[in-house]
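As a plain string of letters, each chain reads:
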Amino acid sequence: MNTSEETLERVLGSLVAATKGRTPFTLGFLGTTGTDGGARVRAVIIREVDRAAYRVKVATNSLSRKVSEIGHQPRVALTLYDDERGVQLRIRGDAAVVDDEKERRRAWERFSPNSRHLYASRLVPGTPCPDERVDGPGDVETAMERFAWIRIDMTDLDWLDLSGDAHIRWQFTREDDGWHGQEIVA
């Protein structure tokens with residue numbers, strides 16, 4: 001049987017591994033609260049994990065709805081699933097758009113040219129397509145302006161291992177003195 005510390009280490013190690021190479025936890029589903037109060041969920045790529053700060057970072061277009069949703073209600077949920085291992089990880093936390101220009105630039109520099117190009121469009125995500133689908137190549141400044149770096153400060157973790165006959169589930173809550181975990185009924 002795993003201890004709370006071993007399970008927490010497995011959780012954090014899995015998140016870090018997702019940023020080093022493609023793993024099932026690289027792609028997750030971020031849930032926000034829409035400005036109308038309704039739930040919104042979309043896929044995001046885990047780009048960075050800060051183990052010391054218990055923080056996950058993702059990127060998005062600064063004009064996407066998730067940016068205004070996070071500004072309206074910073075509480076978010078992030079779900080990841082590893083089909084090969086039969087493991088689900090649910091993260092809850094407080095999200096914010098990073099406004100520190102040095103940190104944004106540092107993150108931007110790690111993106112490939114192909115990834116940077118995705119932010120160069122002058123079209124706004126989620127709006128109707130124009131009659132003529134011409135969106136000339138945006139410039140580097142447009143791309144950088146459209147790049148939003150989002151941090152999620154993790155407050156709760158739920159690790160569910162479905163691989164065996166008996167499912168194992170651990171729940172962790174972050175408090176001032178660190179993480180507190182307990183095995184709970186799956």
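Cut-offs used in this document
Residues numbered from 1 in each chain as written. Predicted model: local features only at pLDDT ≥ 70, side-chain atom pairs only at ≥ 80, totals over all residues. Heavy atoms only, no water. Salt bridge = Lys/Arg side-chain N within 4 Å of Asp/Glu carboxyl O. Helix = DSSP H or I, 4+ residues; strand = E, 2+ residues; numbered from the N terminus. Phe/Tyr/Trp six-rings, centres within 6.5 Å; stacked < 30°, edge-to-face > 60°. Core = buried A, V, L, I, M, F, W, Y, C linked by side-chain atoms within 4.5 Å. Buried < 20%, exposed > 50% of the residue type's maximum accessible area, 1.4 Å probe, protein only. Contact = heavy atoms within 4.5 Å.

Draft legend 1. Looking closely at the pattern of salt bridges. According to the stated counting rule, one finds 16 salt bridges in the structure shown. Where Asp-94 meets Arg-75, a salt bridge forms, and the shortest distance between an N and an O atom there is 3.1 Å. In this pair, Asp-94 sits in strand S6 (residues 87-97) while Arg-75 sits in strand S5 (residues 75-82), placing the two residues 19 residues apart along the sequence. One network of salt bridges, in which partners are shared, links Glu-48, Lys-57, Glu-103, Arg-106 and Arg-110.

Draft legend 2. Broad picture of the packing of aromatic side chains. Here the structure, examined in full by the defined rule, presents 10 aromatic pairs. Ring geometry for Tyr-54 and Trp-179: centres 5.4 Å apart, planes at 80°, overall edge-to-face. Here Tyr-54 is found in the loop between strand S3 (48-50) and strand S4 (55-61), whereas its partner Trp-179 is found in strand S9 (residues 178-184), with 125 residues between them in sequence. Measuring from ring centre to ring centre gives 6.3 Å for Phe-111 and Trp-149, while their planes differ by 80°; the resulting arrangement is edge-to-face.

Draft legend 3. Layout of the nonpolar core. Core analysis: the biggest nonpolar cluster contains 29 residues, and Leu-15, Leu-89, Ile-91, Met-154 and Leu-157 have the highest contact counts within it. If you list the elements that add at least two residues to this core, you get helix H1 (4-20), S4, S5, S6, strand S7 (147-161) and strand S8 (168-175). When residues in this core are grouped by element, the largest group, 6 residues, is from H1. Contact partners of Leu-15, with chain neighbours within four places excluded, come to Val-49, Val-56, Leu-80, Leu-89, Ile-91 and Met-154.

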